[in-house]
Amino acid sequence: MEAALELKGLNKSFGATRAIEDLDLVIPYGATYGLIGPSGAGKTTAIRMIMSILFPDSGTLRVLDRGSALEAKDRIGYLPEERGVYRKMRVDAFLLYMGRLKGGTRAAVEARAKALLTRLGLADALKKKCEDLSKGMLQRVQFVAAIINEPELLILDEPFSGLDPVSVRLLKELIAEEQQRGATIIFSTHVMSHAEELCQQIVMIHKGRKVLDAPMAGLRRQYDARTICFEPLDRTADLMSLKELPGIERVRLTDEGCDIALAPDTDPAAAMRAVVAAIAPARIELARVRLEDVFVRLVSGDGASSESQHALRKALRGSDVEGEIA
């Protein structure tokens, strides 16, 4: 079976600005890919080309074994970054319209819409006009519209932007169910922790170019954080004394205890045994690699100044704040 999505040498410019440069990407059926990078990296431009909203200056693409998304539109669910609904329509009529456009029957669409809205805490919104809902409620309604017909390919562009933590959790549960159903999912975000939690494969884009395409599990092995998180049983223990142990490069105190950075070529297991022998632990574990750290290392290099690394981290975190919208 061919890939669900295949991009070859895609390029897109807006005037003198190169938004996407020589982008190659192959996504197998049933996979969940995270398309990540700071705001302005080119993620949304890439998605709009996949959806045939924009067309590449050069390069080719195939979507669900078709020459473009236009030929497979009934099999695709799409939540765009720029949200939009028919504001004068009632929620039930809007979802029925969207579901029928994709070939669903009235009975199936109405039943699924009611069930999904109930899951998202919007059971009372069915008979309301879209214009009477808050921005966060409308975003949840549009998410329902994206999955109403159980699409084969689901494209989510910044799906959690501006949502409160409860809504984020509920959407994550529904995304996980779409994964289990076998949908191919493209998840675009600049919030790295979301990609770490949801995605099997990570594609990083920086200034229009792909800088990484690797499985999440492989990244954890390849980009070892080489940091031990340690919480002592005795809160009065002298944690800075751990700097004297072999293989310990530095110790940074935290609210819970300390983070212990290992010197190159140090065996983490041996270092953890030495730490436990020195101070009784309440908790000790290797820190998991963070995508933010991987991105900064790839883009700036290990020798980059702290100022440039700070700027990159700030761009990655953007202005997205969960809990902003009800």
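Preceding this section is the structure that the text describes.
Below is a summary of the structure that appears in this document. (Residues numbered from 1 in each chain as written. Predicted model: local features only at pLDDT ≥ 70, side-chain atom pairs only at ≥ 80, totals over all residues. Heavy atoms only, no water.)

## Concerning the packing of helix α4 (residues 135-147) against helix α5 (residues 165-181)
Contact geometry for α4 and α5: axes closest at 12 Å, N-to-C directions at 0 degrees. Viewed along their axes, α4 and α5 adopt a mutual orientation that is roughly parallel. Touching R140, F143 and I147 of α4 are S167, L171, L174, I175 and E178, all from α5. Each residue belonging to the contact of α4 with α5 can be placed in one class, and the counts come to five nonpolar, one polar and two charged. (Axes fitted to C-alpha atoms, helices over the stretch in contact; angles between N-to-C directions. Helix = DSSP H or I, 4+ residues; strand = E, 2+ residues; numbered from the N terminus. Parallel < 35°, antiparallel > 145°, perpendicular 65-115°, else oblique. Contact = heavy atoms within 4.5 Å. Nonpolar A, V, L, I, M, F, W, Y, C, P; charged D, E, K, R; others polar.)

## Structural notes on the pairing of strand β10 (residues 227-232)
The element β10 is largely enclosed, with a buried count of five among its six residues. As defined by bridge partners, β10 adjoins strand β12 (residues 258-262) across four bridges and the pair is classed as antiparallel. Each bridged residue has a counterpart across the sheet, and for F230 the counterpart in β12 is C258. As paired elements, β10 and strand β13 (residues 281-286) share five bridges and run antiparallel to each other. By the bridge assignment, I228 is partnered in β13 with L286. (Buried < 20%, exposed > 50% of the residue type's maximum accessible area, 1.4 Å probe, protein only. Pairing = 2+ DSSP bridges.)

## What about the sheet that holds β12?
Here we have four strands laid out as an open sheet, ordered β11-β12-β10-β13, and antiparallel in their pairing. Lying at the two open borders of the sheet, with one neighbouring strand each, are β11 (248-253) and β13. Averaged over all pairs of adjacent strands, the angle between their axes in this sheet comes to 20 degrees, without regard to strand direction.

## Digging into helix α8 (residues 268-278)
Among the residues making up α8, those that are buried are P268, A271, M272 and V275. With its buried residues spanning 100 degrees around the axis, α8 presents them on a single face. Opposite the buried face of α8, at more than 90 degrees from it, the exposed residues are R273 and A277. For α8, the elements touching its buried residues are β10, β11, β12 and β13. (Arc of directions from axis to C-beta.)

## Section: the packing of helix α2 (residues 91-101) against α4
α4 packs onto α2 with a crossing angle of 25 degrees between their chain directions and a minimal axis gap of 9 Å. Classified by the interaxial angle, the pair formed by α2 and α4 is roughly parallel. The way α2 lies across α4 gives a crossing that is right-handed. Packed against α2, whose contacting residues are V91, F94, L95 and M98, the element α4 presents V141, V144 and A145 at the interface. Taken together, the residues that form the contact of α2 with α4 break down as seven nonpolar, no polar and no charged. (Left-handed = near helix turned anticlockwise from the far one by under 90°.)

## Some points on the sheet that holds strand β7 (residues 184-189)
Read across the open sheet, the six strands follow the order β5-β6-β7-β3-β8-β9; overall the sheet is mixed. The sheet is open, and its two edges are formed by β5 (76-79) and β9 (209-215), each paired on a single side. Put simply, the sheet's adjacent strands are angled 15 degrees from each other on average, direction ignored. Across five bridges, the pairing between strand β6 (residues 153-157) and β7 is parallel.

## As for empty space enclosed by the protein
A complete count under the given rule lists one cavity of 30 Å³ or more for this structure. Where the lining of the largest cavity is concerned, the elements lending two or more residues are β5 and α4. The greatest single-element share of the lining of the largest cavity, amounting to three residues, is contributed by α4. Of the residues contributing to the lining of the largest cavity, the split by class is six nonpolar, two polar and two charged. (1 Å grid on protein atoms, 1.4 Å probe; cavity = no way out; pocket = protein on both sides within 12 Å on 5 of 7 lines; lining within 4 Å. Points joined across faces, edges and corners; volume = space filled by probe spheres on them.)

The quantities given are spatial measurements derived from coordinates; they are silent on function.
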